[in-house]
Amino acid sequence: MRFSTIFAFILLVFFGFVLFSEKEKIKPLVSSLPSSFAKQKLPDEFMPELLVVELEFSNEIKKLQVGKYEITIGQWKYCYAEGGCSFLPRLKLNQDDLHPITNINFLDALEYIAWISKRSGNKYRLPTEKEWSLFANLNKEQTKKKLFDDPRMAWAADYINYQKQNKITQEAGAFGENQFGLFDIKGNVWEWTSTCYGSENVGQTTMINCGAHIVQGEHRGAIIDFVRNPLAGGCSIGFTPSNLGFRIVREL
Amino acid sequence: MSKMDEMKLSRRTLMGAAAATALTAGVIGKIAMTSATAAEIKDLPRVKQKMVAPPFVPEHDQVAVGGPKVVEIRFEIEEKKMVIDGDGTEIWALTFNGSVPGPMAIVHEGDYLELTLVNPQSNMMEHNIDFHAATGALGGAGLTMVQPGEEVVLRFKATRTGVFVYHCAPGGAMIPYHVVHGMNGAIMVLPRDGLKDPKGNPVKYDKVFYVGEQDYYIPKDGDGNYKKYESPGDDFGDALEVMKGLVPTHVVFNGAAGALTGEAALTAKVGETALFIHAQANRDSRPHLIGGHGDYVWETGSFDDVPATNLETWFIRGGSAGAAIYTFHQPGVYVYLNHNLITAVMLGAAAHVIVEGEWDDDLMMQVKEPTAIA
């Protein structure tokens, strides 16, 4: 009995060490929260608000709960305070808790999602690129405009959507709502999706690179998972996302 | 001490110029030697040149029409708050006519440039101007110092062809301070018979892109945020500390990051020839046109020199302007940048050129789209 207790203790220390050193090397995708956390209800203001939207896929209509706003700094801070999120970006002078969280990478977003899922008992995830395009109503608006129609100049066609960067974030909601009641789709925060670069036919390649994910916002881009502050977004023409953030979805 | 430095500097400039004159004897010598009398200058035709904001330049003849004239221009100095990047970083810019860089004046060799420099009462500081194209009195700086509420008129003869920087030079640490707060620009002195290729054939351009590259040194607070100031000059002490490190926080074209991109991108058509003028009053630069070239490049700015051909990247010495001619052969989007890519991408020194026209498969084509490796 005593022997086995000591053995268990040694085992615990050993695996604890392994876990700890792993955590130092790579950021954990799912953080291990103390069990006491789930016992206290998350205050309402820290629970992301979701709306049910009907998305028209080519072969079906699917209902999905979509974050009404991008995850805010206040919501992120709560996750950070409870240890669910391991990274807290340095805030800019104009930013407060009501602004969307920015300067976070794909892995950071997954940490938040793991935490909020565990904390609320709901299963949240990032939207796929297709879902994002549908609830952002992209097909009807953005993709129509091209600078050049010649397919040989597809590489430069999207320049028409290029905007001079304005990185200054506003309070959530400041950029208005779309027809689904979702806010800030047209804001200056680009949102992480769960879609690997190359895994949908929008790109030019048939290769799948899952070290980079599609972000959507002012423009479509592929960003490497560990990038938090995208000074470059891919090509030299320079559709660099102004800010990186995210909103969450939940299946009904 | 700073005056001493400046004197040494201008002496060296003069000695260099003397050597150049000896080499290219004829043209420069002739005009420099023929001194017009006050009466003769008084009889010259006078024209007013309307200044326009960069990247555009005033309407002008590429080949001079008629004889020398006096070209009148007016610079009104404006100390103004400008936003220089997408983060909303601010500077109290010191400007000629409200833009960074200041406007470009264009004359022909042998013309006179007559500047009225106005320092409105609303400004806080004294200002002046040093034209690198001018001869004597510290490039005019010694004759143009104006306090708020004053104006001054300077006339100088354009004896050398090329593109030349001008900048404010009020003395001491105020010289670099004013220059890195935007108070600089360029003028162009064209040969009377226009630009020439290396074989002496005339070179014509359809448009001019006047790009001023500006390095800024914005102080930060303890948290690493860029500081904001109440009025012009308030940042003086802080800014000098950053400047002394020689590491700019921003290097931008035409005053702000992204100023020549998107809806403000430069535009051209296939077959059109553009003259890119690149001015950098303080710090070395390496202009490069991604997807294009420098067909003819007057790297040091002098149009009396034979232009270099087919350059990929050219060098602009801090304190000078250079010019490059390029004829567009393919449509699309080009990036004109400082090919210190850290400077271009992370500090802001990049512009875009949108070119319309028919794609030429002979020059380039994607033979096979990206696919999985076979």
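Every chain is numbered on its own, with residues counted from 1 as its sequence reads. Written order decides the labels, with chains lettered from A and ligands numbered from 1. Since the coordinates come from a predicted model, pLDDT governs what is reported: local features require at least 70, and pairs of side-chain atoms require 80 or more to be given and counted, while whole-chain, interface and lining totals use all residues. Only heavy atoms go into the side-chain values, all of them from the structure, while hydrogens and water stay out.

K.L.:
I tried to follow the interface of chain B and chain A on my own but got confused; where do I start?
P.N.:
By a widespread convention, an interface's size corresponds to the accessible area lost as its parts come together. Each partner contributes residues to the interface: chain B has 32 residues there, and chain A has 26 residues. Between chain B and chain A the total buried area reaches about 2,300 Å² when both faces are included, carbon and sulfur atoms providing 60% of it. The salt bridge definition used is simple: a Lys or Arg side-chain nitrogen within 4 Å of an Asp or Glu carboxyl oxygen. Connecting chain B to chain A are 3 salt bridges. A salt bridge links E358(B) to R152(A), with the nearest nitrogen and oxygen atoms 3.9 Å apart. Whenever two N or O atoms come within 3.5 Å, that pair is a polar contact, provided that in protein one can donate a hydrogen and the other can accept it, and provided that, for residues adjacent in sequence, both atoms are side-chain atoms. Across the contact surface, chain B and chain A share 8 residue pairs in polar contact (both at pLDDT 80 or more). Here a residue-residue contact requires only that any non-hydrogen atoms of the pair lie within 4.5 Å. Accessible surface is computed with a 1.4 Å probe, and the buried area is the amount of it that two parts give up when combined, taken over both parts together.

K.L.:
Can you help me understand the sheet that holds strand β16 (residues 287–290) of chain B in this one?
P.N.:
Two orientations exist for strands paired in a sheet by backbone hydrogen bonds: parallel and antiparallel. All names here are of chain B. DSSP bridges decide pairing: two strands pair if at least two such bridges lie between them. Only DSSP runs of H or I with at least four residues qualify as helices, and only runs of E with at least two residues qualify as strands; both kinds are numbered from the N terminus onward. The mixed open sheet is built from 4 strands, whose spatial order is β14-β21-β20-β16. Each edge of the sheet is formed by a strand with only one pairing partner; in this case those strands are β14 (266–269) and β16. Sheet twist, expressed as the mean angle between neighbouring strand axes with direction ignored, is 25°. As paired elements, β16 and strand β20 (residues 332–338) share 4 bridges and run antiparallel to each other. In this analysis, axes come from line fits to C-alpha atoms, helices being fitted only over the stretch in contact, and the angle between any two N-to-C directions falls in the range 0 to 180 degrees.

K.L.:
So what exactly am I meant to see when it comes to the domain arrangement of chain B here?
P.N.:
Residues and elements named next belong to chain B. Domain boundaries in chain B define domain 1 (3–30 + 44–197) and domain 2 (207–356). Where each domain starts and ends follows an automatic or database-derived domain assignment. Relative placement of domain 1 and domain 2: their C-alpha centres are 18 Å apart. In this assembly, 47 residues from domain 1 lie in contact with 48 residues from domain 2. Between domain 1 and domain 2, roughly 3,800 Å² of surface is buried when both sides are summed, and carbon and sulfur atoms account for 70% of that area. If you sort the residues of domain 1 by the area they bury against domain 2, I84, W92 and V180 come out on top, with a joint share of 16%.

K.L.:
Would you take a moment to explain unusual backbone geometry for this structure?
P.N.:
The general pattern is negative phi for most residues beyond glycine and trans for most peptide bonds. Of note, the amide linkage connecting P54(B) to P55(B) takes the cis form, showing an omega dihedral of 10°. Residue placement: P55(B) occurs in the loop between β1 (46–48) and β2 (70–83). A positive phi angle, close to 65°, is found at N103(A), a residue other than glycine. Turning to its location among the elements, N103(A) is positioned in the loop between α2 (73–81) and α3 (106–120). Non-glycine residue L138(B) carries a positive phi angle of around 55°. Take L138(B): it is sitting in the loop between β6 (130–131) and β7 (150–157). The buried label goes to any residue with under 20% of its type's maximum accessible area, the exposed label to any with over 50%, and the partly exposed label to all in between, with areas taken from a 1.4 Å probe on protein chains only. Taking relative accessible area as the criterion, L138(B) reaches 26% and is therefore assigned partly exposed.

K.L.:
Where do I start with the pattern of salt bridges in this structure?
P.N.:
Pairing between side chains of opposite charge can happen when the charged atoms of each approach one another. Residues and elements named next belong to chain A. Evaluated as defined, the whole model comprises 27 salt bridges over all chains. A salt bridge links K68 to E49, with the nearest nitrogen and oxygen atoms 3.5 Å apart. One end of the pair, K68, is in the loop between β2 (61–67) and α2; the other, E49, is in the loop between α1 (2–25) and β1 (50–56), with 19 residues separating them in the sequence. Using a relative accessible area of 41% as the deciding quantity, one classes E49 as partly exposed. Here R119 ties to E82 by a salt bridge, and the two come within 2.7 Å at their closest N and O atoms. Within this pair, whereas R119 is found in helix α3, its partner E82 is found in the loop between α2 and α3, the two being separated by 37 residues in sequence. Comparing R119 with E82, the two get one shared label, buried.

K.L.:
Just checking my understanding: could you explain the pairing of β20(B) for this structure?
P.N.:
Across a regular strand the side chains alternate sides, sitting on one face of the sheet and then on the other. All names here are of chain B. Of all 7 residues in β20, 7 are buried; the element is thus mostly enclosed. Sheet topology note: the β20/strand β21 (residues 350–356) ladder contains 6 bridges and is antiparallel. Across the sheet, Y334 pairs through a bridge with V353, a residue of β21.

K.L.:
What should I look at first to understand the nonpolar core in this one?
P.N.:
In summary, soluble globular proteins display a tendency toward joint burial of nonpolar side chains. In this structure, F75(B), F96(B), L113(B), L117(B), F131(B) and I187(B) are the most contacted members of the largest nonpolar core, which totals 33 residues. For this core, the secondary structure elements donating two or more residues are β2, β3 (90–96), β4 (105–108), β5 (112–119), β7, β8 (162–167), β9 (184–190) and α5 (236–244) of chain B. If you tally residues by element for this core, the top one is β2(B), at 4 residues. When residues are assigned to domains, this core turns out to be shared by domain 1 (3–30 + 44–197) and domain 2 (207–356) of chain B, each giving three or more. Apart from the residues lying within four places of it in its own chain, the contact partners of I187(B) are M104(B), A105(B), L113(B), F131(B), A133(B), F156(B), G162(B), V163(B), F164(B) and Y166(B). In this structure, C85(A), I113(A), I116(A) and Y124(A) belong to the second largest nonpolar core, which totals 25 residues. Residues enter a nonpolar core if they are buried and are Ala, Val, Leu, Ile, Met, Phe, Trp, Tyr or Cys, with the set joined through side-chain atoms within 4.5 Å.

K.L.:
Before we go on, may I ask you to explain the packing of α2(A) against α3(A) in this structure?
P.N.:
Residue and element names in this part refer to chain A. Contact geometry of α2 with α3 gives a least axis separation of 10 Å together with a crossing angle of 75°. For the element pair α2 / α3, the angle class is roughly perpendicular. Touching Q75, W76, Y78 and C79 of α2 are D108, A109, Y112, W115 and R119, all from α3. Think of it as three bins: nonpolar holds Ala, Val, Leu, Ile, Met, Phe, Trp, Tyr, Cys and Pro, charged holds Asp, Glu, Lys and Arg, and polar takes everything else, Gly as well. Among the residues forming the contact of α2 with α3, the class breakdown is 6 nonpolar, 1 polar and 2 charged. An angle counts as roughly parallel when it lies under 35 degrees, as roughly antiparallel when it exceeds 145, as roughly perpendicular when it falls between 65 and 115, and as oblique in every other case.

K.L.:
Explanation requested: the sheet that holds strand β17 (residues 294–298) of chain B in the structure shown.
P.N.:
Residues and elements named next belong to chain B. Across the sheet, which stays open at both edges, the 6 strands sit in the order β13-β12-β15-β19-β17-β18 with mixed pairing between neighbours. Unpaired on one side and paired on the other, β13 (250–253) and β18 (308–311) mark the two borders of the sheet. The sheet shows a mean angle of 25° between the axes of neighbouring strands, direction not considered. Judged from the 4 bridges that link them, strand β12 (residues 207–216) and β13 form a sheet pairing that is antiparallel. Bridged to E213 within β13 is F253.

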